[in-house]
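Now for the letters of each chain:
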Amino acid sequence: MPSVYVPEDQPDQPIEPTTDAETSTPLVFPPLTHQRLENCSFSSWYPTFRSLTIKSKIIPLSEDFVSYLNADKVFIPGQSGISLALSDDDDSDDDDQISDMEKFKALQEATHRQAQESDSDSDADEDEDEEAALPYFPELEDEIAQTIAEFGGEVFPKLNWSSPRDASWIATTNTLKCHNAADIFLLLKSSDFIAHDLAHAYEDCSDEAGEVGSGIRSRPENVVLILRKWFDLAPSMEFRCFVRDNKLIGISQRDMTFYDFLKDIREELEEKIVDFFEERIQGKFTDSDYTFDVYITRNRERIYLIDFNPFAQKTDSLLYQWEELLTSPEQLPLRLLPSEEAGRHMQQPFAFNRYPSDVTDLSNGQTVAEFAEAFYKKVQASAV
């Protein structure tokens, strides 16, 4: 398989400057400024291109929630909360009617009440102090629930730039499809891409933020959660487009898998993407150098704008070399994987984010609530 970016399709590791093979001259990219990076954030471009993209909702996040995302620990509630929220009491006639989301919220509320009670004890030890800080965000959960209902019951999340695609392994569907707040929180907490957005988004910027001497920002001033209506997109029909000096310079297949049928419709795809760019994108985005991702529907009757990324080395050039994109005097042909053999040589997405085998065993086929209970029991058994 899919910004800042440690882009979502390659590891978080230092990238050595690309050099011309003959002259060994470092390639010169347009300066990556704070403003150029912010122009690619979802809330910056969405108002202009709303009609071209998937229906979405932007939800501002509180500093408390950002702190929760930045915390090292994944929220595993206390034993009393688990007992209340996940009870299998045979005497309860309503037990089968309680949804996983209701169980998760009951679990949160119970542990929050317990934390408040322990907070009143001035002699509480360090563990109780940590318990007092257990996350509890009823207003955010309500807004998420309303948005999910409005979008037909299924959404996928992202923050200002990145989605938690590297954490899809933790979802029972192995996708970013979310049905409730618990699904969203778990994905966000498990993603290195989200952590990068919150702590290192501007680290490659060449200018200073705001007033002279203020240095480079570590995180966006305002962090937002974006919920996008879920669609089952065919990865074969995703493409990345590269724009230099407001001219489309290259189009690459997005998913690094060989699809034999694409070669038969190559010319049609290229023509549709070029027309889409010239009629709907060119001259309307804030910068003159950028990349954008599109999705073409299976019947090839509509193109959706998916995202913008900077025209910068940390954005994946996919089937191109950056040297080509920086120096070509004319548009390069649409590039597709030529064979299955070529696809096998491409790096497996997110291989560096794979999870421990014991987590696999615990989470296989379970809901979030069931996984929380199983994981808690596993931790308790290990401590004996």
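See the structure printed just above.
A brief look at the structure comes next.

Cut-offs and rules
Residues numbered from 1 in each chain as written. Predicted model: local features only at pLDDT ≥ 70, side-chain atom pairs only at ≥ 80, totals over all residues. Heavy atoms only, no water. Helix = DSSP H or I, 4+ residues; strand = E, 2+ residues; numbered from the N terminus. Buried < 20%, exposed > 50% of the residue type's maximum accessible area, 1.4 Å probe, protein only. Polar contact = N/O pair within 3.5 Å; in protein donor to acceptor, adjacent residues only side chain to side chain. Core = buried A, V, L, I, M, F, W, Y, C linked by side-chain atoms within 4.5 Å. Contact = heavy atoms within 4.5 Å. Pairing = 2+ DSSP bridges. Axes fitted to C-alpha atoms, helices over the stretch in contact; angles between N-to-C directions.

1. Points about the side chain of Asn180
Mapped onto the fold, Asn180 is located in the loop between strand E2 (155–158) and helix H8 (181–190). With a relative accessible area of 15%, Asn180 lands in the buried category. Polar contacts involving the side chain of Asn180 include one to the main-chain amide nitrogen of Asp183, which spans 2.9 Å.

2. Some details on the nonpolar core
By size, the foremost hydrophobic cluster in this structure holds 44 residues, and its most contacted members are Phe239, Ile281, Phe292, Leu305 and Phe308. Only helix H2 (42–49), strand E3 (224–229), strand E4 (238–244), strand E5 (247–253), helix H10 (266–281), strand E6 (290–296) and strand E7 (303–310) provide two or more residues apiece to this core. Excluding anything up to four places from it in sequence, Ile281 contacts Phe49, Leu52, Phe276, Tyr290, Phe292, Leu305 and Phe308. Listed in part, the 31 residues of the second largest apolar core include Ile144, Cys178, Ile184 and Phe185.

3. Some points on the sheet that holds E7
Pairing is antiparallel in the open sheet, where four strands are placed in the order E5-E4-E6-E7. The open sheet has two free edges, formed respectively by E5 and E7, since each of these has just one partner strand. Averaged over all pairs of adjacent strands, the angle between strand axes in this sheet comes to 25°, irrespective of strand direction. Examined bridge by bridge, E4 and E5 share six bridges and lie antiparallel to one another. Along E5, the bridge assignment pairs Phe239 with Gln253.

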